[in-house]
Number of protein chains: 2
Amino acid sequence: MALEHAILVSLAERSASGYDLARRFDASIGHFWKASHQQIYKVLGRMETAGWVTPDVVAQDGRPDKKVYVVTAAGRDELAAWTSRPSTVEPTRSELAVKLRALPFGDTAAITDDVRARRRAHEQQLAYYLESAARFYPRPDDVTADELGGWLVLRGGILAEQTGIAWCDEILQRLVPEADDADR
Amino acid sequence: MALEHAILVSLAERSASGYDLARRFDASIGHFWKASHQQIYKVLGRMETAGWVTPDVVAQDGRPDKKVYVVTAAGRDELAAWTSRPSTVEPTRSELAVKLRALPFGDTAAITDDVRARRRAHEQQLAYYLESAARFYPRPDDVTADELGGWLVLRGGILAEQTGIAWCDEILQRLVPEADDADR
DNA sequence: CGAGCCGCTGCAACCGGTTGCATATCGGGG
DNA sequence: CCCCGATATGCAACCGGTTGCAGCGGCTCG
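Residues numbered from 1 in each chain as written. Chains lettered and ligands numbered in written order. Predicted model: local features only at pLDDT ≥ 70, side-chain atom pairs only at ≥ 80, totals over all residues. Heavy atoms only, no water.

In the annotation of an unreviewed UniProt entry, chain A is listed under the name PadR family transcriptional regulator and assigned to Aeromicrobium endophyticum.

In structure tokens form, the structure reads like this:
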């Protein structure tokens with residue numbers, strides 16, 4: 001129920017085509033709300049019908065035409081109204097948690113490898129976030145009102161990845177107690 | 001693709017009816033993998049067809065009959081095989097993150113209230129987890145092999161809730177800088 | 001005595017999202 | 001020369017999950 005609003009936010013920041021949005025979702029907002037390009041096109045269609053956005057067909061030479069979507073007044077109203085509605089806490093879904101409960105019935109070595117892989121993934125993501133933070137918000141205390149949201153979202157990502165790593169470390173300490181940190 | 005395995009784990013720990021499973025999901029595993037009773041019944045049907053579980057109809061007096069599902073050998077094989085397959089990292093979905101990006105287009109006061117509500121929810125969940133930890137794992141260093149998974153999952157929950165609270169606090173510090181902690 | 005909840009199972013409709021495929025043009029590399 | 005990748009949009013089938021509803025016996029509370 002919220003992809004509409006994620007797209008609305010993204011378009012409110014800057015008008016874009018479905019293709020642009022898909023790439024933007026790959027790069028920034030998408031870290032906190034994934035969407036495939038098919039889904040984006042589908043939702044854009046619905047949003048156009050609802051009158052939240054209007055397409056602006058732009059001809060390009062050497063490239064296919066594109067439909068640049070612009071947020072309408074009704075779209076901005078909806079966006080503001082949405083921010084005023086309380087959000088529902090999204091249910092956590094951790095396949096790793098289920099796997100941990102499956103320890104007595106499965107392959108401990110394989111699960112350990114899985115935890116290591118997850119730890120690496122968390123570390124990569126954390127590195128990416130930290131780099132983004134350094135690049136876009138070099139002085140966090142001085143962020144403008146417009147930047148504040150992006151900064152806070154990034155902080156959330158950083159905290160979450162750090163926690164993910166910490167959890168993996170706790171798990172690995174129990175599953176391979178003899179290993180030192182370098183081994184993990 | 002993993003509710004099957006969550007149910008398999010739960011049934012491997014102890015055979016149960018669909019109704020029992022639904023309540024169990026409300027209480028423990030469900031904190032990390034939600035499922036409604038309708039979904040559970042549907043999946044149990046599929047699992048029975050696949051031969052992973054077999055129903056054992058138990059007549060009860062004063063209550064409707066119940067179908068107690070028991071994991072078959074094939075079910076245990078599948079469970080073990082699943083633990084050996086690498087897990088896919090579930091995409092994060094944070095409506096709050098989207099809302100933070102919507103700050104320039106929305107109602108800051110309403111968003112602030114939302115963050116406060118989330119903080120309370122995280123605190124409640126944390127309190128619940130801490131209580132569970134104290135009750136079921138009073139001596140974490142002495143957990144048995146069978147208990148280890150449950151303990152580690154609980155640790156993950158505790159870490160996640162603490163992080164959620166920390167994030168909310170960072171956000172509130174920026175949104176209501178003049179407020180002290182008691183006010184939040 | 002009736003209302004309403006608890007235990008217990010299930011169907012049907014819908015809906016958001018994924019997977020796979022189609023199409024068209026342009027430029028670059030094997 | 002042909003294939004591939006980038007740009008750009010979109011349909012169709014499927015699938016997991018939610019919402020809403022239904023049935024039925026027994027218990028308790030007013």
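The rest of the description comes next.
Visitor: What should I look at first to understand the protein's contact with DNA strand C in this one?
Guide: Inspection of the region around DNA strand C gives 21 residues, with A:Gln39, B:Tyr19, B:Tyr41, B:Lys67 and B:Arg93 positioned closest. At 3.1 Å from a base oxygen of DNA strand C is found a side-chain nitrogen or oxygen belonging to A:Lys42. A distance of 2.9 Å separates a phosphate oxygen of DNA strand C from a polar side-chain atom of B:Gln60. Those elements that provide at least two residues to the surface near DNA strand C are helix H3 (37-50) of chain A together with helix H2 (18-27), helix H3 (37-50) and strand S2 (66-71) of chain B. Of the residues forming the surface near DNA strand C, the biggest block, four residues, is contributed by H3(A). Considered class by class, the residues forming the surface near DNA strand C number five nonpolar, nine polar and seven charged. (Near = heavy atom within 4 Å. Polar contact = N/O pair within 3.5 Å; in protein donor to acceptor, adjacent residues only side chain to side chain. Helix = DSSP H or I, 4+ residues; strand = E, 2+ residues; numbered from the N terminus. Nonpolar A, V, L, I, M, F, W, Y, C, P; charged D, E, K, R; others polar.)

Visitor: Help me understand the domain arrangement of chain A in this model?
Guide: The parts lose accessible area when they come together, and the size of an interface is often stated as this lost area. Split by domain assignment, chain A resolves into domain 1 (3-84) and domain 2 (95-175). Of note, the centres of domain 1 of chain A and domain 2 of chain A, computed from C-alpha atoms alone, are 28 Å apart. (Domains from an automatic or database assignment.)

Visitor: In this structure, what is going on with the interface of chain A and chain B? I would like to understand it.
Guide: Contacts between the two partners involve 65 residues from chain A and, on the opposite side, 65 residues from chain B. In total, chain A and chain B occlude about 6000 Å² of area from one another, counting both sides; carbon and sulfur atoms represent 61% of this. Ranking the residues of chain A by area buried against chain B places A:Arg101, A:Phe105 and A:Arg174 at the top, with a combined share of 13%. Where chain A touches chain B, the interface holds eight salt bridges. The partner of A:Glu170 in a salt bridge is B:Arg155, with the nearest N and O atoms 2.6 Å apart. (Contact = heavy atoms within 4.5 Å. Buried area = accessible area lost by both parts, 1.4 Å probe. Salt bridge = Lys/Arg side-chain N within 4 Å of Asp/Glu carboxyl O.)

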